[in-house]
Amino acid sequence: MAHITVPILEPRDFNMKLFRRKFEIIQEQAFRELPYECCGLLVGIQENDHRGNIENIVYEVAPCRNCLYFGKEQGFEIAHQEYLDVEREAARYGFDIIGSYHSHINSPAIPSLHDVDFARSGHTLMIIALMNGQPKEVTAWLRRESGGFHQEPIRVVE
């Protein structure tokens, strides 16, 4: 199984910190769920630095079932009850759901129209693109309050 390499960024350049094993779990799920999109939730904290920059620190990933009835090859849906269960469990440990992840099959790792509808303001959307069954790229996008997305660099750490 091929893996995606995320460029190492200088600490001042990143907005998301993701531990390597959590990143591997996401990749493994994406391969396992082919030919359908995988999905899950990112659990952790948001920290603000003295300049007002937000850093999302992902401590846990919660793989979810893609409950979309039709079109799982090009879309995903997380059941409301599953979302609430993960949210409740995260809160027990002092964490929040800070975003979600899913795969794109044979399309780029940029938000689709469905993604725009799914993500609320302040939500980070991580997308892993698989082209012809091979990993292509991983991106993260922060949904802005004003609408649209801002690409959020990812830093994978040990």
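Per chain, residue numbering runs from 1 following the sequence as it is written. In keeping with the model being predicted, local features are shown solely for residues with a pLDDT of at least 70 and side-chain atom pairs are shown and tallied solely at 80 or more, while totals for entire chains, interfaces and linings include all residues. In computing side-chain values, all of the structure's heavy atoms are included and hydrogens and water are not.

**Overview of the packing of aromatic side chains**
Now for step 1: When two rings of Phe, Tyr or Trp (its six-membered ring) have centres within 6.5 Å they constitute a pair, described as stacked for plane angles under 30 degrees, edge-to-face for angles over 60, and tilted for the intermediate range. By the definition in use, this model includes two aromatic pairs.
Now for step 2: Relative to Phe95, the ring of Tyr59 has its centre 5.1 Å away and its plane inclined at 15°; by these criteria the two rings are stacked. Within this pair, whereas Tyr59 is found in strand E3 (residues 54–64), its partner Phe95 is found in the loop between helix H2 (80–92) and strand E4 (96–105), the two being separated by 36 residues in sequence.
Now for step 3: Here the aromatic cluster, defined as three or more aromatic residues joined through ring pairs, consists of Phe19, Tyr59 and Phe95. Helix and strand assignments come from DSSP, with helices taken as H or I runs of at least 4 residues and strands as E runs of at least 2, each series counted from the N terminus.

**Some details on the pairing of strand E6 (residues 134–143)**
Now for step 1: Two strands pair when backbone bridges link them, and strand E5 (residues 124–131) and E6 are joined in this way by eight bridges, in the antiparallel orientation. Directly across from Thr124, in E6, lies its bridge partner Leu142.
Now for step 2: Strand pairing is defined by DSSP finding a minimum of two bridges between the two strands. The turn linking E5 back onto E6 is made up of two residues, and Asn132 within it adopts a positive phi angle of 50°.
Now for step 3: In this structure, the hairpin formed by E6 and strand E7 (residues 149–151) is closed by a connection of five residues, where Gly147 is found at a positive phi of approximately 100°.

**Let's talk about the pairing of strand E1 (residues 16–19)**
Now for step 1: As judged from the three bridges shared by E1 and E3, these two strands associate in the parallel manner. Paired with Lys17 across the strands is Ile57, a residue of E3.
Now for step 2: By the bridge criterion, four bridges tie E1 to strand E8 (residues 154–157) in an arrangement that is parallel. From the neighbouring strand, Phe19 faces E8, where its bridge partner is Val157.

**A closer look at the confidence of the model for the chain**
Now for step 1: Per-residue pLDDT for the chain averages 88, and the proportion of residues at 70 or more is 91%.
Now for step 2: pLDDT gives the predictor's per-residue confidence on a scale running from 0 to 100. For the chain, per-element mean pLDDT is lowest for helix H3 (residues 113–118), which scores 79, and highest for H2, which scores 98.
Now for step 3: Note on contacts: a residue pair qualifies if any of its non-hydrogen atoms lie within 4.5 Å across the two residues. Predicted confidence is poor over residues 7–14, with pLDDT under 50, and the contacts of this stretch with residues over four places away or in other chains come to eight contacts.

**Quick notes on the pattern of salt bridges**
Now for step 1: Salt bridge, as used here, is a side-chain nitrogen of Lys or Arg placed within 4 Å of a carboxyl oxygen of Asp or Glu. In the structure shown here, the tally under the stated rule is six salt bridges.
Now for step 2: Of the charged contacts in the structure, one is a salt bridge between Glu158 and Arg20, with a shortest N-O distance of 2.7 Å. Pair noted here: Glu158 is in the segment after E8 and Arg20 is in helix H1 (residues 20–33), with a separation of 138 residues, a long-range link.
Now for step 3: Of the charged contacts, one joins Glu89 and Arg92 as a salt bridge, the two residues approaching to 3.0 Å between their closest N and O atoms. Of the two residues, Glu89 and Arg92 both sit in helix H2, three residues apart, roughly one turn of that helix.
Now for step 4: Under the relative-accessibility criterion, Glu89 is labelled partly exposed at 37%.
Now for step 5: We call a residue buried when its accessible area falls under 20% of the maximum for its residue type, exposed when it is over 50%, and partly exposed in between, using a 1.4 Å probe and counting protein chains only. A relative accessible area of 59% means that Arg92 is categorised as exposed.
Now for step 6: A cluster of three or more residues bridged by salt bridges with shared partners is formed by Arg21, Glu24 and Glu28.

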